Amino acid sequence: MPELPEVEVVRRGLAEHVTGRRVKSVEVLHPRSVRRQAGGAPELGERLSGRVLRAVRRRGKYLWAELGEPDGEAEAALLAHLGMSGQLLVQPGDRPDEKHLRIRLRFDDEGPELRFVDQRTFGGLTVTDVTGPDALPVPVAHIGRDPMDPAFDAEAAVGGLRRRRTGVKRALLDQTLVSGIGNIYADESLWRAKLHYERPTATLTRPEGRRLLAAASEVMGEALAAGGTSFDALYVDVNGASGYFDRALAVYGQEDRPCPRCGTPVRRAPFMNRSSYWCPVCQPRPRRRHP
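Just so we're clear, the structure is a prediction, and the values are computed from it rather than from any experiment.

The rules we used
Residues numbered from 1 in each chain as written. Predicted model: local features only at pLDDT ≥ 70, side-chain atom pairs only at ≥ 80, totals over all residues. Heavy atoms only, no water. UniProt positions renumbered as here; feature names shortened; annotations may be inferred. Helix = DSSP H or I, 4+ residues; strand = E, 2+ residues; numbered from the N terminus. Expected span 1.5 Å × (residues − 1). Buried < 20%, exposed > 50% of the residue type's maximum accessible area, 1.4 Å probe, protein only. Arc of directions from axis to C-beta. Contact = heavy atoms within 4.5 Å. 1 Å grid on protein atoms, 1.4 Å probe; cavity = no way out; pocket = protein on both sides within 12 Å on 5 of 7 lines; lining within 4 Å. Points joined across faces, edges and corners; volume = space filled by probe spheres on them. Nonpolar A, V, L, I, M, F, W, Y, C, P; charged D, E, K, R; others polar. Lys, Arg positive; Asp, Glu negative; His and termini not counted. Salt bridge = Lys/Arg side-chain N within 4 Å of Asp/Glu carboxyl O. Polar contact = N/O pair within 3.5 Å; in protein donor to acceptor, adjacent residues only side chain to side chain.

Some points on the UniProt feature "domain: Formamidopyrimidine-DNA glycosylase catalytic" (unreviewed entry) in the protein
Inference 1: Look at the UniProt record and you will see "domain: Formamidopyrimidine-DNA glycosylase catalytic" (unreviewed entry) annotated at residues 2-123.
Inference 2: The span residues 2-123 is 20% helix and 39% strand, and its two end C-alpha atoms sit 12 Å from each other.

Written as structure tokens, this is what we have:
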């Protein structure tokens, strides 16, 4: 699934192409893509038609457009769930429909459309209420800030990591604690910080926690500059272009290839129905404690 850099690439593209535009009509081509909307396609259309996409925002891996008048406050949010294969594309109205086009937004300026394309239909669009001083969509209100957020409190996040009673990678994937980090950038951050993914958080020192979060911010910044990580044609920006950070990955997906730092073959192990990749020399497995 897309992580912070991939979502931020999409956010920037949408901010450039749809901010300030008023929705003229909404066409839903697959009911699963609006299943999170209580009233389905009719409610989505009713709550979107005539509204202005006044800003495009992100928290961690969650992306939305504020709805309301340009000079007013956010009245609601169009929340995008990208799922495993969701794409938000800005396309000329005369361009042929994509094979897996699920939702189409047309605007009253008759300019390019916003299309939601989703091969596997795990994603979708929802109009939701907003809450709090930051006008967060209600389903996102519990999500923590990410290391690239100017208001991110690194010391508080380090304290939160150390209070968890689990492995450090599991804690790093907890979106309520630190958002935006998924399996790819967790493995890359842990490699940079020289920490094994099973390291108990209770043994994590504050300097190690700071080093880990700094590594996460660093690697995601580099990925963002490269347009994100694209392993297949499903991960693209609003113009359909793929990112190329996969060429710079140190350990993720690199099983049996040499560690870029010490040359030891990278290892892989099952982890939460996915995989973890690490260097056994740079990231030694924590010693087991005897009762």
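The structure having been displayed, the exposition proceeds.
Details of helix α6 (residues 206-225)
Inference 1: The terminal C-alpha atoms of α6, which comprises 20 residues, lie 29 Å apart, in line with the 28 Å expected from a rise of 1.5 Å per residue.
Inference 2: Those residues of α6 that fall on the buried side of the exposure criterion are Glu-208, Gly-209, Leu-212, Leu-213, Ala-215, Ala-216, Val-219, Met-220, Ala-223 and Leu-224. Mapping the buried residues of α6 onto a view down its axis gives an arc of 165 degrees, with all of them on the same face. Of the residues in α6, the exposed ones pointing more than 90 degrees away from the buried face are Pro-207 and Ala-225.
Inference 3: For α6, the elements touching its buried residues are α1 (4-18), α3 (154-163), α4 (168-172) and α5 (183-193).

Observations regarding α5
Inference 1: For α5, the buried fraction is high: 10 of the 11 residues fall into the buried class.
Inference 2: Inspection of α5 places Asn-183, Ile-184, Tyr-185, Ala-186, Asp-187, Glu-188, Ser-189, Leu-190, Trp-191 and Ala-193 among the buried residues, and these make up the whole buried set.
Inference 3: Tucked into the core, α5 has its buried residues touching α1, α4, α6, β11 (267-271) and β12 (274-278).
Inference 4: One or two positions beyond α5, positive phi appears at Lys-194, with a value near 60 degrees.

Description of empty space enclosed by the protein
Inference 1: As enumerated under the stated definition, the model contains one cavity of 30 Å³ or more in all.
Inference 2: For the largest cavity, the calculated volume is near 80 Å³.
Inference 3: In this structure, the largest cavity is lined by Leu-14, Val-18, Leu-53, Val-56, Leu-63, Trp-64, Ala-65, Leu-78, Ala-80, Leu-88, Leu-114 and Leu-125.
Inference 4: Top contributing element to the lining of the largest cavity by residue count: strand β3 (residues 62-67), with three residues.
Inference 5: Grouping the amino acids of the lining of the largest cavity by side-chain chemistry returns 12 nonpolar, no polar and no charged.

Description of the side chain of Arg-102
Inference 1: Within the secondary structure, Arg-102 sits in strand β6 (residues 101-107).
Inference 2: Asp-118 is the oppositely charged side chain nearest to the buried, salt-bridge-free Arg-102, at an N-O distance of 5.8 Å.
Inference 3: Within polar-contact distance, the side chain of Arg-102 engages the backbone oxygen of Gln-119 at 3.4 Å.

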